[in-house]
Amino acid sequence: MSAPAPAPRDTETHGPRGIAILGSTGSIGVSALRVLARQRERYRVVALTANANADRLAEQAKAWQPAYVGLVSGPDGPATWHRGAEALVGAATHPDAAIVLNAVVGAAGLDATLAALEQGKRVALANKESLVMAGHLVAEAARRGGGEIVPVDSEHSAILQCLGARSGRDIRRLIITASGGPFRTWADERLRGAQLVDALQHPTWSMGRKITVDSATLANKALEVIEAHFLFGVAFDQIEVVVHPQSIVHSMVEFVDGSVVAQLGVPSMELPILYALTHPDRVADDGVPRFDPIAASPLTFEPVRHEAFPALQLGIAAGRAGGAAPAVFNAANEQAVALFLEGRMTFNDIAPCIDEALQRLSGIPGDSRDAILAADGAARTIVRERN
Ligand code: NAD
Ligand code: MG
């Protein structure tokens with residue numbers, strides 16, 4: 001019996017694959033367009049959306065001429081633009097989009113993730129919040145619609161690359177690295193006086209404000225542990241977090257035979273963005289800075305200071321609890337970070353707010369979109385009222 005012929009490459013059969021970019025005006029969205037400018041034979045932009053930055057969206061629309069442009073809030077922009085939160089789902093389900101890069105920040109990305117998967121599309125997922133809050137629903141949507149999620153988050157991209165063709169059964173442990181954030185070395189007393197400007201100084205990554213604060217509290221790492229649990233089907237007991245201040249080793253997989261495989265590279269999101277589009281293939285790209293092991297040295301690892309950064313364990317406990325708890329964790333965190341960014345909450349109040357929301361809303365089921373959004377809303381109310 002002869003082997004089946006290899007599937008033809010899209011570029012040979014249908015021309016460039018269509019991509020919808022949700023959140024195109026943000027940090028990931030702008031990086032993605034930089035990557036796509038180097039890959040024009042393979043990909044074309046068919047949809048762009050933003051929340052409120054009409055000027056940047058207009059520039060991008062002029063440069064890329066997508067068929068669909070969506071601006072979620074604000075009255076600005078041409079009459080042909082799509083409006084409101086529906087514009088995210090409209091872009092995510094656009095018939096010319098084979099791939100949806102969801103680079104929206106926060107729970108606002110949920111419906112687009114679900115809708116794209118239901119339509120059998122590849123979701124290149126930066127919006128980890130949608131997977132954290134509704135992991136089971138996202139998995140069901142993918143199963144029903146035949147869609148797939150490929151992570152953009154650098155740690156999960158690393159794990160995917162370390163796994164290669166191995167199945168989840170071969171994994172003994174995932175070791176997720178964390179930079180430790182700007183407060184990694186701050187003594188407890190100094191940490192009590194942490195200010196917004198300090199929290200926004202990330203040592204190794206330049207990102208949007210919300211994820212930058214999440215990296216300072218380590219809530220981001222909790223979101224990533226839950227994200228890894230759902231993406232790779234690995235139990236929470238098999239996921240470990242280690243601080244690696246240089247952000248060169250993006251994560252590691254320990255296999256059942258004890259071998260540990262790591263993925264390394266300079267901290268740039270352009271590689272994981274590109275890989276989420278090309279996986280399992282690799283394509284040549286000269287845009288990512290070359291890795292120099294001598295310049296990157298030394299590579300060090302240290303334990304997490306859990307007492308100083310309680311949001312990490314709160315989030316992992318929520319992941320273990322299941323039901324709506326991850327959605328409560330996510331929503332309480334989003335609301336607390338929003339208040340912190342507005343100067344209406346201190347850094348050290350973020351974790352206690354999350355804790356209170358989790359305690360008051362424990363045991364809520366999360367078996368439907370409505371149940372999850374209700375839990376999300378209740379968590380936000382608790383945080384606002386506590387403040
Ligand atoms: P950002 O704040 O820079 O950009 C967010 C984008 O989403 C913007 O285009 C904004 O217009 C849009 N947006 C915001 N709120 C919206 C809403 N309610 N409805 C519709 N659109 C909305 O954020 P970012 O740093 O690019 O992060 C985006 C996502 O990627 C987050 O989930 C983050 O955790 C994840 N991520 C980011 C990085 C990074 O390096 N920036 C790395 C890993 C993961
Ligand atoms: Mg990450």
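Residues numbered from 1 in each chain as written. Chains lettered and ligands numbered in written order. Predicted model: local features only at pLDDT ≥ 70, side-chain atom pairs only at ≥ 80, totals over all residues. Heavy atoms only, no water.

## Let's talk about the sheet that holds strand β5 (residues 99-102)
The strands making up a sheet associate through backbone hydrogen bonding, with each pair oriented either parallel or antiparallel. Ordered in space as β4-β3-β2-β1-β5-β6-β7, the 7 strands form an open sheet in which the pairing is parallel. The open sheet terminates on both sides in strands that have one partner only, identified here as β4 (82-83) and β7 (148-151). Bridge analysis of β5 against strand β6 (residues 122-125) gives 4 bridges, and the strand direction is parallel. Considered in β6, the bridge of N102 is made with L125. (Pairing = 2+ DSSP bridges. Helix = DSSP H or I, 4+ residues; strand = E, 2+ residues; numbered from the N terminus.)

## Comments concerning the pairing of strand β3 (residues 68-71)
Note on strand geometry: in a regular strand, side chains alternate between the two faces of the sheet. Residues Y68 and G70 point to one face of β3 and V69 and L71 to the other, with burial holding for every one of them. Sheet topology places strand β2 (residues 43-50) next to β3; 4 bridges connect them, and they run parallel. The residue of β3 that forms the bridge with A47 is Y68. Considered for its hand, the β-α-β crossover made up of β2, helix α3 (residues 54-64) and β3 is right-handed. Note that β3 and β4 share 2 bridges and pair parallel. If you follow G70 over to β4, its bridge partner there is H82. (Buried < 20%, exposed > 50% of the residue type's maximum accessible area, 1.4 Å probe, protein only. Right-handed = clockwise from strand over helix to strand, strands pointing away.)

## Remarks on the packing of aromatic side chains
Scanning the entire structure with this criterion turns up 3 aromatic pairs. With a centroid separation of 4.7 Å and an interplanar angle of 65°, the aromatic rings of F183 and W186 are classed as edge-to-face. Classification of F183 by relative accessible area gives buried; the value is 0%. Here W186 falls in the buried class, since its relative accessible area comes to 10%. Counting every residue linked through ring pairs, the aromatic cluster contains F183, W186, F340 and F347. Lying across the ring of W64, R40 places its NZ or CZ 4.4 Å from the centre. In this structure, R190 is placed above the aromatic ring of W186, and the distance from its NZ or CZ to the ring centre is 3.7 Å. (Phe/Tyr/Trp six-rings, centres within 6.5 Å; stacked < 30°, edge-to-face > 60°. Lys NZ or Arg CZ within 6 Å of the ring centre and 35° of its normal.)

## Concerning the sheet that holds strand β10 (residues 249-255)
The 4 strands lie next to each other as β9-β8-β10-β11, forming an open sheet whose pairing is mixed. One side of each edge strand has no neighbouring strand; the edge strands of this open sheet are β9 (239-243) and β11 (260-264). Geometrically, the sheet is characterised by an average inter-axis angle of 20° between neighbouring strands, direction not taken into account. By the bridge criterion, 5 bridges tie strand β8 (residues 171-178) to β10 in an arrangement that is antiparallel. Each residue of the ladder has a partner; that of L174, found in β10, is V253. Of the strands in this sheet, β8, β10 and β11 touch helix α8 (residues 154-163), which is tilted by about 40° from β10. (Axes fitted to C-alpha atoms, helices over the stretch in contact; angles between N-to-C directions. Contact = heavy atoms within 4.5 Å.)

## Concerning the pattern of salt bridges
The final tally for this structure, using the stated rule, is 26 salt bridges. Across the pair D285 and R38 runs a salt bridge whose closest N-O atoms are separated by 2.6 Å. Of the two residues, D285 sits in the loop between α13 (270-278) and α14 (293-296) while R38 sits in the loop between α2 (27-37) and β2, which places them 247 residues apart along the sequence. The class for R38 is partly exposed, based on a relative accessible area of 25%. Connected through shared salt-bridge partners, K128, D153, E155, K221 and E224 make up one network. (Salt bridge = Lys/Arg side-chain N within 4 Å of Asp/Glu carboxyl O.)

## With respect to the domain arrangement of the protein chain
Partitioning the protein chain into structural domains gives domain 1 (11-152) and domain 2 (157-268 + 292-386). One C-alpha centre belongs to domain 1, the other to domain 2; they are set 24 Å apart. Between domain 1 and domain 2, the buried area comes to about 1800 Å², and carbon and sulfur atoms account for 69% of it. Broken down residue by residue, the surface that domain 1 buries against domain 2 is led by K128, V132 and M133, which jointly contribute 35%. Between the two partners, domain 1 and domain 2, sit 3 salt bridges. Joining domain 1 to domain 2, the criterion identifies 5 residue pairs in polar contact (both at pLDDT 80 or more). Every element with two or more residues in the side of domain 1 that touches domain 2 is listed here: α5 (110-118), α6 (128-133), α7 (135-145) and β7. For the side of domain 1 that touches domain 2, the element with the most residues is α6, which contributes 5 residues. Of the residues assigned to the side of domain 1 that touches domain 2, the class counts are 12 nonpolar, 4 polar and 3 charged. (Domains from an automatic or database assignment. Buried area = accessible area lost by both parts, 1.4 Å probe. Polar contact = N/O pair within 3.5 Å; in protein donor to acceptor, adjacent residues only side chain to side chain. Nonpolar A, V, L, I, M, F, W, Y, C, P; charged D, E, K, R; others polar.)

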